[in-house]
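# Coordinate inspection notes
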Amino acid sequence: MRLDQALARMLPQHSRSRLQAWVRAGKVRVDERAAAPRMRVWGGEGILVMPEPEPAQAARRPEPIALEVIYEDDVLLVLDKPAGLVVHPGAGNPSGTLLNALLYHAPQLAGLPRAGIVHRLDKDTSGLLVVARTLEAQTDLVRQLQARTVKRRYLAVVLGAPAPRGVVDAALGRHPTHRTRMAVVAGGRAARTHYRVLERFADASLVECALETGRTHQIRVHMASIGHPLLGDPVYGPRRSRGEGFSRQALHAWRLALRHPASGRLMQWECAPPADLRELIERLRAAIDVPA
């Protein structure tokens, strides 16, 4: 079989893409010779694998940042991420991130790519996020995400009155002129969002969104594309909207379901919206009862 297929069987704790990257980087040798992902192996060869650490892995440092832990065992961590917390260090956010907090909370995560993080939430999106505590669990969760068996549901306050329920099936990619933004584009990556209206207000609606895919800014872009951007969204919403003063996009990841990587048991968690989003919803409800 192909070398990358054989490696995936022998080292199932690593993803196929990670193994292929190591082969391309010269970190895998077959019978003391340089290897290629598609080369054939027949059995009996001596294979040497030299794992390559993540770039800048040594630069990551633990920081005592409080975490709201919803669930924890030897394999998983499920967190309620607050709005305002960046998930992973990057340009403009070299520290003070969820990753730094995780390294302080569980130092063994330093040995995992991205400290066990398998999916992200935008900085100003709150809610549930799962973190793997072992390499095997991380690989399993990534595969569940790729198979679309991880179920994620979000609460969002959008402008206007969308249809009672619907599906937005529109490919997403980088905006052709604003490279820091995402957009519905021809030739983008497939993306699908299901939504249903839970409650209507004077000129806004509370909706639940369910993701089939997990593209960057997916809910924000999809809802804006059908004329109902998230209230408070500074990137995809109108400059002025009802609820001005709400300091972030009104989006909260409230339900998460997946199969436990070790036991295979289906698990589900829920977390209520944070205080700022609850207060926004109450203000919108109260506005309905105010005479014009």
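Scroll up for the structure.
Here's a quick rundown of the structure. A quick note: this is a predicted structure, and the numbers were derived from the prediction, not measured.

Criteria and thresholds
- Residues numbered from 1 in each chain as written.
- Predicted model: local features only at pLDDT ≥ 70, side-chain atom pairs only at ≥ 80, totals over all residues.
- Heavy atoms only, no water.
- Helix = DSSP H or I, 4+ residues; strand = E, 2+ residues; numbered from the N terminus.
- Buried < 20%, exposed > 50% of the residue type's maximum accessible area, 1.4 Å probe, protein only.
- Contact = heavy atoms within 4.5 Å.
- Lys, Arg positive; Asp, Glu negative; His and termini not counted.
- Charge placed at Lys NZ, Arg CZ, Asp CG, Glu CD.
- Core = buried A, V, L, I, M, F, W, Y, C linked by side-chain atoms within 4.5 Å.
- Phe/Tyr/Trp six-rings, centres within 6.5 Å; stacked < 30°, edge-to-face > 60°.

### Description of the overall build of the chain
From N to C terminus, the chain includes six helices and 14 strands. With the C-alpha coordinates aligned to their principal axes, the bounding extent of the chain is approximately 80 × 45 × 40 Å. Out of the 292 residues belonging to the chain, those deemed buried represent 44%. Partitioning the intrachain contacts of the chain with sequence separation of at least 6 by distance along the chain shows that 62% fall at a separation of at least 24. In the chain, 42 positive and 28 negative side-chain charges are present, and the distance between their average locations comes to 7 Å.

### Details of helix α1 (residues 3–10)
For the α-helix, the turn length of 3.6 residues means that residues three or four positions removed from each other point alike. Among the residues of α1, those classed as buried are Leu-3, Asp-4, Ala-6, Leu-7 and Ala-8. Tucked inside the fold, the buried residues of α1 contact α2 (16–24), β1 (28–30) and β3 (47–49).

### Some thoughts on the nonpolar core
Residues Leu-102, Leu-109, Val-131, Tyr-154 and Ile-219 are the most contacted members of the largest nonpolar core, which totals 32 residues. The set of elements that each furnish at least two residues to this core consists of β5 (76–81), α3 (98–105), β6 (126–132), β7 (151–159), β11 (192–200), β12 (204–211), α5 (218–225) and β13 (251–259). For this core, the element with the highest residue contribution is α3, accounting for four residues. The residues contacting Leu-109, other than those within four sequence positions of it, are Arg-60, Leu-77, Leu-102, Leu-103, Ala-115, Val-131, Ala-132 and Arg-133.

### Examining the packing of aromatic side chains
Going through the model one piece at a time under the given rule, you end up with one aromatic pair. Taking 5.5 Å as the distance between ring centres and 50 degrees as the angle between the ring planes, the aromatic pair formed by Tyr-71 and Trp-269 counts as tilted. Within this pair, whereas Tyr-71 is found in strand β4 (residues 69–72), its partner Trp-269 is found in strand β14 (residues 266–270), the two being separated by 198 residues in sequence. Residue Tyr-71 is classed as partly exposed on the basis of its relative accessible area, which comes to 22%. Judged by its relative accessible area of 8%, Trp-269 is buried.

Just distances and angles here, no functional claims.
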